[in-house]
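Residue-level structure breakdown
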Amino acid sequence: MEKIFCDIRKCLGCKSCEIACGVEHSTSKNIFKSIREEKKPRQRVIVRSTTKEPFPLRCHHCEEAPCIEACMSGAMYKDEKGVTRHDPDKCVGCWMCIMVCPFGAISRQESLALKCDLCPDREDSFACVEACPTKALFAGTWDEFKKRLGQEKR
Amino acid sequence: MKKQDKSIDKASQELLEIAEREGIDTAWERYEAMVPQCGFGELGLCCRNCLLGPCRIDPFEEGPQKGVCGATPEIIAARNLTRMIAAGASAHSDHGRDVAHTLLLAAQGKTEGYGIKDEDKLLSLANELGIKTNRRDKKEIAKEVAEKVFSEFGQQHGELQFSHRAPEKRQALWRKLGIMPRGIDREIVEVMHRTSIGVDNDPENLITHGMKTALGDGWGGSMIATELSDVLFGTPRPIRAKVNLGVLKEDEVNLVVHGHEPTLSDVIVTASQDKELIELAKKNGAKGINLAGICCTANEILMRHGIPIAGNFLQQELAITTGAVDLMLVDVQCVMPGLSSVARCFHTKIVSTSPKAKFPGAEHVEFNEEEALPIAKKIVRMAVENFKNRMKEKVNIPKVKMDLVAGFTAESVFKFLGGRYRATYRPLNDAIINGRLRGAAAIVGCNNPKIKQDWGHVEMAKELIKNDVLVVVTGCSAIANAKAGLLKPEAAFQYAGKGLQEICQAVGVPPVLHVGSCVDNSRILITLCNVVNEGGLGEDISELPVAGAAPEWMSEKAVAIAFYVVASGVFTVLGNPFPILGSREVTELLTRRLTEVVGANFAFESDPIKAAQLMIDHINKKREALKLKPVMYEKEEVLVK
Ligand code: SF4
Ligand code: SF4
């Protein structure tokens, strides 16, 4: 399946993906307007760093997703394409998914879990990938990503 | 982006197609590759002013809300914007300084390239500056004028001389607010000080000083540039010319001047008429030497010599794409470093001339005022000699050009309204008072690929003149409107409202008046002062039914202009917002509260028609406040609203 990958060697920590994700999940989809919306749009990718190297934390849509196993209400589920989805109507806010996610990809919005939904309002692109100025973020299959890493000279 | 979405200009569209075919990158492609642009930058929420940072504030209020030093979004946005003002004011003022330097050299007899073309203006400036003129040699006077003006740049206290041209009420307000500029450079230095880590952390205090700095530009650096250029090169008078890339000639040497200062372009005009060089051109197989300009240096020689204009800011790379430019000479400001990579696809030589501005891949022929003419001739010769390298098969000159009338100034045009024998502003004021004219508006500024080229300028101008608002234009806006045919007297019949049409017909002027380059926005300030002084329309600029706009701005210079215009009391609409929207407080201050401070504020509106409507609404409000008669030919729909 097509996923979003990151070549963390190229991540500069600019947080452009965060901004693009926030704007994408706003009502207006316009940066100037989005920051004034009553319900603040929330980004689902967060740039952090351990020692020095920055990297974006976001959902990897694991094949065997711990969050789904841990979710007692069935809010986390796999759709037919293998995307890990979150159903806010079922979410009870127990935060088990946050505890078990190995990537720290889930955050909270009020009493609900919040994670990458692969830009449902877009047809064939992802806001964060498009915004990444160094092209560290990449959309494609695992094989395509590996191939791309191999092609990189550095 | 389709070519129709990039520009409304037919010549641009034609060349964009060629550029695409040939794989030539222009600003539009580079812009597209840059999108989405950094959100922190767009909102004004990143700070690099010290090495605790770089810092950035999360606009969605999840992540950090303060810089390492504790700076809030308000502080960061205000500091960044104030620095933009300083940069813009520096550009105009350094230009003014260079013109003053040239005047000094000319007065000292140290250069052959320049003389004193407008003695009347020299004398009136001398009087204004308190310099004796009785029985004195004009060179002596010029020397003293230049020295006096020079001292205004480094002046440490007191007030700038030309700021005293403003209406009394305005001057009093500036003094009360503490924004009467003391010296041109001093205020700029103070911006850099205040905005460094841990100095001024009050957004309003910062913006207030920004206005002071901007006033030092509008009523200082820029005004000096205009006035002294008039002395040296002559005060413009209405003149006919042609515009757009179609002015380039297939069978002549095409030399394009691009940049801003008239010191070089003006002698290039002389050099290009040199008999020997024309002979040489003929020997090289060309029919002659064709000079054309881009950006404001073009406006300077258009206004004074009727030299054709090849295009505005976004057409600099397209001019080279015609394959017909033998040499492009550049000085300072708005010259894209991308030029040389386009030039590499053709035979075009790019020649940089200013010690302040060198470009990758350009040949550098350093200009200095002392040897102006020999250097100018050398450059023209280079162009002539490069003609033979032109690749015929690569030449594509669009058959697009337009007639225009330019060369209006505060001295000339508005006085024409009174007839040549009784020169006065009375008829202009009366036209506004009795409602034949609704008011006046200035459209200025750049091109920016974020807005379809020229669309902002032209649509706005059409909407305004349709509503009997007399429009004045400068810089790249003037060129845009010229290309659209709005600078022809006939345009009045096609586009203007009935009242404006009557005036244009009576005086024989176009409905949109070209008043010069970007530093010549100072001419607009002087015009506004004259209108106030003439009487009947209030006592301050802020009471006048006028508005300003920069629909396609991009340069820091535009920020400085916008601020001195607003600080002088004129409501101003910008096509793209300042990068400050990440701060509520600064946004609120600029778009609302500033009215209570200086009697004018900003608005941000990218749709030129809606922006024009904002200007018209503002003008209407001012008319009401002055209790003027209703607009003579008010349209029903407007009345209903
Ligand atoms: S939320 Fe975490 S555990 Fe669940 S699919 Fe995404 S990365 Fe895997
Ligand atoms: S001045 Fe403050 S906000 Fe700016 S970089 Fe330094 S610490 Fe960060």
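In this section: the overall build of chain A. Per the secondary structure count, chain A includes 6 helices and 8 strands. Scanning chain A from its N terminus toward the C terminus, one meets helices and strands in the order β-α-α-β-β-α-β-β-α-β-β-α-β-α. For a compact globule of 154 residues, the expected C-alpha radius of gyration is about 15 Å, and chain A comes in at 16 Å, within 12% of that figure. Oriented by its inertia axes, the alpha-carbon framework of chain A measures out at about 45 × 40 × 35 Å. Counting every position in chain A, which comprises 154 residues, the buried fraction comes to 48%. Contacts in chain A between residues far apart in sequence, at least 24 positions, make up 54% of those at least 6 positions apart. Of the accessible surface of chain A, which amounts to about 8900 Å², a share of 53% is contributed by carbon and sulfur atoms. Separation between the mean location of the 27 positive side-chain charges and that of the 23 negative ones in chain A comes to 6 Å.

It is worth spelling out the overall build of chain B at this point. Along chain B, the regular secondary structure elements total 27 helices and 16 strands. Its C-alpha atoms give chain B a radius of gyration of 24 Å, near enough to 26 Å, the size a compact globule of 641 residues would have. Along the longest, intermediate and shortest principal axes, the C-alpha atoms of chain B span 65 × 65 × 55 Å. Buried residues in chain B amount to 63% of all 641 residues.

The grouping of Glu2(A), Glu123(A), Asp124(A) and Glu144(A) at the surface amounts to a negative patch. Tracing the backbone through its elements, the reader meets Asp124(A) in the loop between strand S7 (112-114) and helix H5 (127-131).

Inspection of the entire model under this criterion finds 54 salt bridges over all chains. Taking the shortest distance from any N to any O, the salt bridge between Glu130(A) and Arg122(A) comes out at 3.3 Å. Its salt-bridge partner being Glu588(B), residue Arg592(B) comes within 3.2 Å of it at the nearest N-O pair. Highlighted residues: Arg592(B) and Glu588(B), both in helix H25 (residues 584-598), separated by 4 residues, approximately one helical turn. A residue is classified by how much of its surface remains accessible, and Arg592(B), at 53% relative accessible area, is exposed. We classify Glu588(B) as partly exposed; its relative accessible area is 32%. Linked through salt bridges whose partners overlap, the residues forming this network are Lys121(B), Glu128(B), Arg165(B), Glu227(B), Asp230(B), Glu300(B), Arg304(B), Glu411(B), Asp520(B) and Arg523(B).

Quick look at the site of ligand 1 now. With respect to spatial proximity, 13 residues lie near ligand 1, and among them Cys59(A), Cys62(A), Cys67(A), Thr84(A) and Cys101(A) are the closest. When the residues that make up the shell around ligand 1 are grouped by side-chain class, the tally is 9 nonpolar, 3 polar and 1 charged.

This brings us to the sheet that holds strand S12 (residues 469-473) of chain B. Residue and element names in this part refer to chain B. Strands sit in the order S13-S12-S11-S14-S15-S16 across an open sheet of 6 strands; the sheet is parallel. Whereas interior strands pair on both sides, the edge strands pair on one side only; in this sheet they are strand S13 (512-514) and strand S16 (602-604). Ignoring strand direction, the axes of neighbouring strands in this sheet form an average angle of 25°.

What follows covers the domain arrangement of chain B. Residue and element names in this part refer to chain B. Partitioning chain B into structural domains gives domain 1 (3-56), domain 2 (73-233), domain 3 (245-394) and domain 4 (409-633). Between the C-alpha centres of domain 1 and domain 4 there is a distance of 28 Å. Taking both partners together, domain 1 and domain 4 bury about 1100 Å²; carbon and sulfur atoms supply 61% of that area. Across the pair Lys483 and Asp9 runs a salt bridge whose closest N-O atoms are separated by 3.1 Å. Applying the counting criterion to the domain 1 and domain 4 interface returns 7 residue pairs in polar contact (both at pLDDT 80 or more). Within the residue set of the side of domain 1 that touches domain 4, elements represented by two or more residues are helix H1 (3-6), helix H3 (27-34) and helix H4 (39-43). Split by residue class, the side of domain 1 that touches domain 4 holds 6 nonpolar, 6 polar and 4 charged.

Next up on the list: the site of ligand 2. All names here are of chain B. Near ligand 2 you find 13 residues, and of these Cys47, Cys50, Leu52, Cys55 and Cys69 are the closest. Class assignment of the residues belonging to the shell around ligand 2 gives a composition of 9 nonpolar, 3 polar and 1 charged. Two domains each donate at least three residues to the shell around ligand 2, and these are domain 1 (3-56) and domain 2 (73-233).

What follows concerns the packing of aromatic side chains. Residues and elements named next belong to chain B. In total, this model carries 11 aromatic pairs over all chains according to the counting rule given. On the numbers, 5.9 Å between centres and 70° between planes, the contact of Tyr114 with Phe233 is edge-to-face. Highlighted residues: Tyr114 in the loop between helix H5 (73-107) and helix H6 (119-128) and Phe233 in helix H10 (residues 203-233), separated in sequence by 119 residues. Side by side, Tyr114 and Phe233 carry an identical accessibility label, which is buried. Counting every residue linked through ring pairs, the aromatic cluster contains Trp553, Phe563, Phe578, Phe602 and Phe604. Here the guanidinium or amino end of Arg56 rests over the ring plane of Phe40, the centre of that ring lying 5.8 Å away. The positively charged end of Arg165 is found above the aromatic ring belonging to Phe162, 4.1 Å away from the centroid.

Turning to the domain arrangement of chain A, a few remarks are in order. Residues and elements named next belong to chain A. Examined at the domain level, chain A breaks down into domain 1 (1-58 + 117-146) and domain 2 (59-115). Put simply, the middle of domain 1 and the middle of domain 2, counted by C-alpha atoms, are 18 Å apart. On the side of domain 2, 15 residues touch domain 1, which itself brings 12 residues to the contact. In this assembly, domain 1 packs against domain 2 so that about 1300 Å² is buried in total across both faces, 48% of it on carbon and sulfur atoms. The largest contributions to the domain 1 side of the interface with domain 2 come from Arg42, Arg44 and Arg58, which together make up 43% of the buried area. The tally of links from domain 1 across to domain 2 stands at 0 salt bridges.

Right, let's talk about the nonpolar core for a bit. Nonpolar side chains tend toward joint burial in soluble globular proteins. Residue and element names in this part refer to chain B. Residues Val145, Ile268, Leu464, Phe563, Phe578 and Leu590 are the most contacted members of the largest nonpolar core, which totals 185 residues. It is H5 that provides the largest number of residues to this core, a total of 15 residues. Discounting chain neighbours no more than four positions away, the residues touching Ile268 are Leu255, Val257, Leu291, Leu329, Ala376, Ile379 and Val380.

Turning our attention to the side chain of Lys121(B). All names here are of chain B. With respect to the secondary-structure elements, Lys121 resides in helix H6. Overall, Lys121 belongs to the buried group, its relative accessible area being 8%. Within the structure, Lys121 has its side chain in polar contact with the side chain of Glu411 (distance 2.8 Å).

Residue and element names in this part refer to chain B. One way to put it is that helix H19 (residues 455-466) packs onto helix H26 (residues 608-625) with a least axis distance of 8 Å and a crossing angle of 40°. What the angle tells us is that H19 and H26 run oblique. Considering the relative orientation of H19 and H26, their crossing is right-handed. Across the interface between the two elements, Trp455, Gly456, Glu459, Met460, Glu463 and Leu464 of H19 pack against Pro608, Ile609, Ala611, Ala612, Gln613, Met615 and Ile616 of H26. Of the residues belonging to the contact of H19 with H26, the class tally is 9 nonpolar, 2 polar and 2 charged.

Right, let's talk about the interface of chain B and chain A for a bit. Counting residues at the interface gives 17 residues for chain B, matched by 18 residues for chain A. Both sides of the chain B and chain A interface together cover about 1600 Å² of buried area, and 65% of this is carbon and sulfur. Linking chain B to chain A there are 2 salt bridges. Counting residues per element, the side of chain B that touches chain A draws most heavily on H4(B), at 4 residues. When grouped by side-chain class, the residues that make up the side of chain B that touches chain A number 8 nonpolar, 3 polar and 6 charged.

Criteria and cut-off values
Numbering of residues starts from 1 in each chain and follows the order in which that chain's sequence is written. Ligands are numbered from 1 and chains lettered from A, in the order in which they are written. A pLDDT threshold of at least 70 governs which residues receive local features in this predicted model, and a stricter bar of 80 or more applies before side-chain atom pairs are shown or counted, although totals over entire chains, interfaces and linings include all residues. With hydrogens and water set aside, each side-chain value is computed from the structure's full complement of heavy atoms. Under the DSSP-based scheme used, a helix requires at least four consecutive residues in state H or I and a strand at least two consecutive residues in state E, with every element numbered from the N terminus. All radius of gyration figures rest on C-alpha atoms, and the globule criterion is 2.2 Å times the number of residues raised to 0.38. Any residue under 20% of the maximum accessible area for its type is buried, any over 50% is exposed, and the rest in between are partly exposed; the area is computed with a 1.4 Å probe on protein chains only. Contact between two residues is taken to exist if any of their heavy atoms lie within 4.5 Å; hydrogens are not considered. Only the protein chains shown count as covering a residue, and every accessible area follows the Shrake-Rupley method with a 1.4 Å probe. Just so you know, the count uses Lys and Arg for positive and Asp and Glu for negative, and it drops His and the chain ends. Note that the charge is assigned to NZ on lysines, CZ on arginines, CG on aspartates and CD on glutamates. Distance thresholds for patches are 9 Å for like charges and 5 Å for nonpolar side chains (Val, Leu, Ile, Met, Phe, Trp, Tyr), applied to residues having over 30% relative accessible area and no salt bridge. Take a side-chain nitrogen of Lys or Arg and a carboxyl oxygen of Asp or Glu: if they are within 4 Å of each other, that pair is a salt bridge. Proximity is defined per residue: any heavy atom of the residue falling within 4 Å of a molecule or strand makes that residue near it. Residues were grouped as follows: Ala, Val, Leu, Ile, Met, Phe, Trp, Tyr, Cys and Pro as nonpolar; Asp, Glu, Lys and Arg as charged; and all remaining residues, including Gly, as polar. Two strands form a pair only when DSSP identifies at least two bridges running between them. Between the N-to-C directions of two axes lies an angle of 0 to 180 degrees, each axis being a line fitted to C-alpha atoms and, for a helix, fitted only over the stretch in contact. As annotated, the domain borders come from an automatic or database domain assignment. Defined here as a combined quantity, buried area equals the accessible surface (1.4 Å probe) lost by two parts on assembly, summed across both. Two N or O atoms count as a polar contact when they lie within 3.5 Å, although within protein this holds only if one can serve as hydrogen donor and the other as acceptor, and sequence-adjacent residues are included solely when both atoms are side-chain atoms. Aromatic rings from Phe, Tyr and Trp, with only the six-membered ring used for Trp, were paired whenever their centres fell within 6.5 Å, and each pair was classed as stacked if the ring planes differed by under 30 degrees, edge-to-face if by over 60, and tilted otherwise. Charge over a ring is defined by NZ of Lys or CZ of Arg lying within 6 Å of the ring centre and within 35 degrees of the ring normal. Only buried residues count toward a nonpolar core. Its members are Ala, Val, Leu, Ile, Met, Phe, Trp, Tyr and Cys residues joined through side-chain atoms within 4.5 Å. Orientation is classified from the angle alone, with under 35 degrees giving roughly parallel, over 145 giving roughly antiparallel, 65 to 115 giving roughly perpendicular, and any other angle giving oblique. When the near helix sits turned anticlockwise from the far one by under a right angle, the crossing is termed left-handed; a clockwise turn instead gives a right-handed crossing.

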